[in-house]
Amino acid sequence: MARFAFIVPPLHGHVNPTLSLGAELLTRGHEVGWITLDPSLGNRLPAGGQLLLAEYDQDSEAYLDQITKKNVSGIESIKFLYEEVLIPLNRFMYEGINTLLDRFKPDVVINDHQLFTGAIAAYNRHMPYATSVTAPAAIKMVEDLPGVHDWEVKQIVGLQQELGVPGNDAIVLSEKLTLVYTSKDFFGYMDTPDHYKFIGPVFNNRHTPPPFNWEKLSQMGTDPRILVSIGTTFDHAYKKEFFSKVIDAFANEAVTVIVVSDEDLFEHWPSNFIVQSRVPQLDLLPHLDGVVCHGGHNTVCETLSHGLPLVVIPIAYDQSHVAGQVTQAESGVRLNFKRFKAPHLREAVWEILRNPVYKQAAQRIQDSFERSGGAATAADLLEDLAPVIPPYGMTMSQAFYRNKVY
Amino acid sequence: MDAIATHKLNSEEIFALLKQFITEVIGEEFVEDMDISKESSFTRDLEMDSIEIVSFSEKVKSHFGEHVDFTGWLSGMDLDQLINLKLGDIIKYIEQCQ
């Protein structure tokens with residue numbers, strides 16, 4: 001039995017896969033903790049999981065949802081993400097991570113790829129660590145826009161040096177094990193090191209799903225059904241503009257539209273719409289024909305893992321790259337968030353619903369996900385990182401050094 | 001379209017060519033509503049996202065081939081330079097390379 005500590009940022013997409021991985025480790029009899037700033041994570045942990053809350057004198061509320069505070073898009077959003085979200089969040093969390101690692105004493109640390117200080121703290125303690133890459137398209141940056149990638153590395157290395165890691169190489173992606181939650185087929189061709197393990201997307205399907213008006217859905221008839229969601233990190237103004245186009249596109253169309261939005265965003269929604277602020281997405285997908293989304297990695301992968309085609313409308317961060325992967329795999333159509341108008345959305349949706357090539361491609365990606373191993377494979381790989389119980393009188397420290405990773 | 005340019009283009013010809021590439025990347029109907037000038041920046045004015053900039057750069061690359069190391073030039077840019085990149089900067093760079 002070993003002890004594992006996940007270090008996660010307060011972002012759902014980054015936390016959810018770790019919940020399934022952690023659940024798998026717990027069923028194998030290991031001890032698992034989550035280091036986080038977010039007290040609400042306690043309600044979502046799998047049974048037996050330990051909430052390791054990083055607490056500070058200073059108010060940490062500001063760091064919980066600052067990503068939703070500003071409307072950003074395009075390449076500029078990368079600058080915002082690093083300078084105003086990730087670097088301050090990492091710097092803020094560092095001390096708490098150190099304290100909790102010293103208290104919990106994990107055998108293996110798993111840092112989110114954007115929680116750099118998780119890796120830095122483990123590195124400085126000579127603790128074995130793996131990295132959880134919850135937004136794999138970010139890795140593509142090195143190929144798509146190398147200058148931007150270099151800039152990102154510079155920000156990370158600056159923080160590393162500030163926190164006592166010498167050298168100019170980023171250490172935040174573990175060289176022992178970097179878990180990438182996608183398949184090679186969907187990720188697209190790129191040379192990656194052997195320690196990058198493409199285990200496929202891992203979904204959190206163990207929590208209690210939010211309620212849904214299934215009766216209303218069944219009364220909607222046999223028209224094709226789509227889900228429209230732009231995730232949790234964009235604010236009101238973006239949502240209002242976006243969903244007004246969705247209304248214009250599909251009011252009076254022979255399609256049932258399930259919208260993830262606050263119902264009071266508009267006074268009236270068309271009668272073929274079902275609007276809920278939260279939906280049981282994984283339960284809904286088997287009943288749908290297509291998904292319109294912003295290109296968040298989780299929603300895209302959940303959709304493809306059900307063999308459904310997509311219309312992707314990337315807004316910011318890595319979403320443009322995720323959308324690029326969707327079109328590269330021919331599993332959907334992309335639109336530009338700033339430029340698209342209602343008729344473009346309507347046309348794009350009918351295109352993915354009527355032209356079978358998109359669904360066929362989505363099913364190919366679905367197969368590739370199923371072949372990738374998932375949480376069980378990830379748990380095997382993580383167990384391999386844990387120092388073994390020393391056999392035949394070998395001391396624990398000899399065993400540790402044999403498995404030493406940093 | 002992918003033919004390697006054999007004669008030197010002047011700045012107006014390069015501008016017209018780049019406008020054609022932008023049209024191919026973002027679609028004709030959107031370009032009609034845009035005022036594309038040499039002062040247009042890719043991210044703010046043309047609202048191109050990362051992948052659109054990448055496909056634009058692939059078009060420039062396949063047109064000029066080895067005569068213009070456009071991808072290399074673009075790779076040398078850091079985030080701020082890329083955010084501020086204007087059409088005119090690319091025209092100047094291509095002119096220098098010819």
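- Chain B carries the name Acyl carrier protein in an unreviewed UniProt entry, which gives Chitinophaga silvisoli as its organism.

- Per an unreviewed UniProt entry, the recorded name for chain A is Glycosyl transferase, and the organism is Chitinophaga silvisoli.

Here we look at the overall build of chain B
- Secondary structure assignment for chain B yields six helices and zero strands.
- Going residue by residue from the N terminus, the α and β elements of chain B occur as α-α-α-α-α-α.
- For 98 residues, the compact-globule estimate of 2.2 N^0.38 gives 13 Å, and chain B sits close to it at 13 Å.
- In terms of principal-axis extent, the alpha carbons of chain B reach across some 30 × 30 × 20 Å.
- Burial analysis of chain B (98 residues in total) assigns 30% to the buried set.
- Contacts in chain B between residues far apart in sequence, at least 24 positions, make up 69% of those at least 6 positions apart.

A short note on the sheet that holds strand β10 (residues 273-276) of chain A
Residues and elements named next belong to chain A.
- With parallel pairing, the six strands of this open sheet are ordered in space as β10-β9-β8-β11-β12-β13. With one partner strand each, in any of the chains shown, β10 and β13 (332-334) form the two edges of the open sheet. Each strand axis lies, on average, 15° off the axis of its neighbour in the sheet, ignoring direction.
- With respect to the sheet, helix α12 (residues 319-328) is in contact with β12 (310-312) and β13, its orientation differing from that of β13 by roughly 140°.
- Packing of helix α13 (residues 342-354) onto the sheet brings it into contact with β8 (225-229), β11 (290-293), β12 and β13, and relative to β12 it is tilted by some 150°.

A closer look at the pairing of β11 of chain A
All names here are of chain A.
- Side chains Gly 290 and Val 292 of β11 all project onto a buried face; the interleaved residues Val 291 and Cys 293 project onto the opposite face, where all are buried too.
- Of the pairings in the sheet, the one linking β8 to β11 comprises four bridges and is parallel in character. Its bridge partner being in β11, Leu 227 is matched across the sheet by Val 291.
- In this sheet, β12 lies alongside β11 in parallel orientation, the contact comprising three bridges. For Val 291, the partnering residue across the bridge sits in β12 and is Leu 310.
- With helix α11 (residues 297-304) bridging β11 and the parallel β12, this β-α-β connection has right-handed handedness.

A closer look at helix α9 (residues 236-250) of chain A
Residue and element names in this part refer to chain A.
- Under the 1.5 Å per step criterion, the end-to-end length of α9 is 21 Å for 15 residues, consistent within 8% with the ideal 21 Å.
- Those residues of α9 that sit buried are Phe 242, Phe 243, Val 246, Ala 249 and Phe 250. Along the axis of α9, the buried positions cluster into a sector of 110°, meaning they face one direction only. Those residues of α9 that are exposed and angled more than 90 degrees off the buried face are His 236, Ala 237, Lys 240 and Glu 241.
- Looking at the buried residues of α9, the elements they touch are β8, β9 (256-260) and α13.

Some words on the domain arrangement of chain A
Residues and elements named next belong to chain A.
- Each assigned domain of chain A is listed here: domain 1 (3-200 + 372-402) and domain 2 (214-369).
- Placing a centre on the C-alpha atoms of domain 1 and another on those of domain 2 gives a separation of 29 Å.
- Taken together, the 27 residues of domain 1 in the interface contact 25 residues of domain 2.
- Elements with a minimum of two residues in the side of domain 1 that touches domain 2: α1 (12-27), α3 (76-104) and α7 (184-187).
- Taken together, the residues of the side of domain 1 that touches domain 2 break down into ten nonpolar, 14 polar and three charged.

So, the interface of chain A and chain B
- Contact with chain A, which involves 20 residues of that partner, is made by 16 residues of chain B.
- Breaking the side of chain A that touches chain B down by element, the ones donating at least two residues are α3, α6 (146-162) and α12 of chain A.
- For the side of chain A that touches chain B, the element with the highest residue contribution is α6 of chain A, accounting for five residues.
- Here the residues of the side of chain A that touches chain B sort into eight nonpolar, six polar and six charged.

Section: the pairing of strand β5 (residues 129-133) of chain A
Residues and elements named next belong to chain A.
- Most of β5 is tucked away: five of the five residues are buried.
- Here β5 shows two buried faces, one formed by Tyr 129, Thr 131 and Val 133 and the other by Ala 130 and Ser 132.
- In terms of strand pairing, strand β4 (residues 108-112) meets β5 through four bridges, oriented parallel. Directly across from Asp 112, in β5, lies its bridge partner Ser 132.
- Between the parallel pair β4 and β5, the chain is carried across by helix α4 (residues 116-124), and the sense of this crossover is right-handed.
- Inspection of the sheet shows β5 paired to strand β6 (residues 178-180) by three bridges, in the parallel sense. By the bridge assignment, Thr 131 is partnered in β6 with Thr 178.

A word on the sheet that holds strand β7 (residues 196-198) of chain A
Residues and elements named next belong to chain A.
- Judged by pairing direction, the sheet is parallel, and its seven strands sit side by side in the order β3-β2-β1-β4-β5-β6-β7 without closing on themselves. In the strand order of this sheet, the two ends are held by β3 (50-53) and β7, each with one partner. Within this sheet the neighbouring strands show an average axis-to-axis angle of 25°, counted without direction.
- For strand β1 (residues 3-7) and strand β2 (residues 31-36), the ladder comprises five bridges, and the chain directions are parallel. When the sheet's bridge partners are listed, Ile 7 is paired in β2 with Ile 35.
- Along the sheet face, α4 touches β1, β4 and β5 and points at about 155° away from the line of β4.
- Helix-sheet contacts for helix α15 (residues 374-385) involve β1, β4, β5, β6 and β7, and the interaxial angle to β4 is about 130°.

What counts, and where the lines are drawn
- Residues numbered from 1 in each chain as written.
- Chains lettered and ligands numbered in written order.
- Predicted model: local features only at pLDDT ≥ 70, side-chain atom pairs only at ≥ 80, totals over all residues.
- Helix = DSSP H or I, 4+ residues; strand = E, 2+ residues; numbered from the N terminus.
- Rg over C-alpha atoms; globule rule 2.2 N^0.38 Å.
- Buried ≥ 20, exposed ≤ 12 C-beta atoms within 10 Å, placed from the backbone.
- Contact = placed C-beta atoms within 7 Å.
- Pairing = 2+ DSSP bridges.
- Axes fitted to C-alpha atoms, helices over the stretch in contact; angles between N-to-C directions.
- Right-handed = clockwise from strand over helix to strand, strands pointing away.
- Expected span 1.5 Å × (residues − 1).
- Arc of directions from axis to C-beta.
- Domains from an automatic or database assignment.
- Nonpolar A, V, L, I, M, F, W, Y, C, P; charged D, E, K, R; others polar.

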